[in-house]
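These are the residues of each chain, in order.
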Amino acid sequence: EQCPSVNDVSWQGFAFHTSVSVKYQNNIARNFSFNGVPANYASVANVEVTSGRFFSEPEDAHAMDVVVLGPDVKDALFPHSEPLGKRILINGHPFMVLGITAKSKAGAMGDTSRDSAVLIPYRSFQKMMPWEDWHLLLIQARQGKLNVALDEVESLLRRRRAPDKQSCIRRP
């Protein structure tokens, strides 16, 4: 309501201060990106799930131990088996695999980081790592309203939270 040009908002929580391990039986994932995200993240960030599904709002609200994997992580952990419904360990905690995301088409400068994603519900992330406070805000503008939406969000953030050295708004 304070940003009428914004269609939806999501975010990612980062394990900036914490080392994270992801494994299934004797297989260990390496070079992955671990994030806590809300249920609307797939829609806002245009993440396609090709196998299984993304987690739901109730699964996030109840801090369920569920996970969606990028295809590179799936291949590392499950080279010869189907991962859906299986439990992987994230820092020793069991998480059930709900879905696998689509393989990325290389984006700007060949970015395929989504392929190495390990995504858990945001509230599960908070429960597991309450000290982690690094976040990325994702803003989905209404059609044709990108610059206006960015101005609205920047103004709102400046009113609510004085910008500091660690805060920035990046424009496309």
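Structural notes, computed from the coordinates.

Cut-offs applied
- Residues numbered from 1 in each chain as written.
- Predicted model: local features only at pLDDT ≥ 70, side-chain atom pairs only at ≥ 80, totals over all residues.
- Heavy atoms only, no water.
- Helix = DSSP H or I, 4+ residues; strand = E, 2+ residues; numbered from the N terminus.
- Expected span 1.5 Å × (residues − 1).
- Buried < 20%, exposed > 50% of the residue type's maximum accessible area, 1.4 Å probe, protein only.
- Contact = heavy atoms within 4.5 Å.
- Salt bridge = Lys/Arg side-chain N within 4 Å of Asp/Glu carboxyl O.
- Pairing = 2+ DSSP bridges.

1. Examining helix α5 (residues 146-160)
No. 1: Taking 1.5 Å per residue as the helical rise, α5 with its 15 residues ought to reach 21 Å, and the 21 Å between its terminal C-alpha atoms agrees with that figure.
No. 2: Burial in α5 covers these residues: Ala 149, Leu 150, Glu 152, Val 153, Glu 154 and Leu 156.
No. 3: For α5, the elements touching its buried residues are β1 (6-14) and β10 (134-141).

2. Here we look at the pattern of salt bridges
No. 1: Inspection of every chain in the model, using the stated rule, returns seven salt bridges.
No. 2: Between Asp 65 and Lys 127 there is a salt bridge; the shortest N-O distance is 3.8 Å. Taken as a pair, Asp 65 in the loop between α2 (57-61) and β6 (66-69) and Lys 127 in helix α4 (residues 122-128) lie far apart in primary sequence, 62 residues in all.
No. 3: Residue Lys 127 is classed as exposed on the basis of its relative accessible area of 52%.
No. 4: Connected through salt bridges with shared partners, the residues Glu 57, Asp 60 and Arg 123 form a single ionic network.

3. Structural notes on the environment of Arg 30
No. 1: Inspection of the secondary structure assignment puts Arg 30 in the loop between β3 (27-28) and β4 (33-37).
No. 2: On the accessibility criterion, Arg 30 (62% relative accessible area) is exposed.
No. 3: Sequence separation between Arg 30 and Asp 72 is 42 residues; the distance between their C-alpha atoms is 9.6 Å.

4. As for the pairing of β1
If a strand is regular, its side chains alternate between the two faces of the sheet.
No. 1: Relative to β10, β1 is paired through eight bridges, and the arrangement is antiparallel. For Val 9, the partnering residue across the bridge sits in β10 and is Ile 139.
No. 2: The pairing of β1 with β4 spans two bridges and is antiparallel. In the strand pairing of β4, Phe 14 is matched with Asn 35.

Remember that the coordinates give geometry; whether it matters functionally is a separate question.
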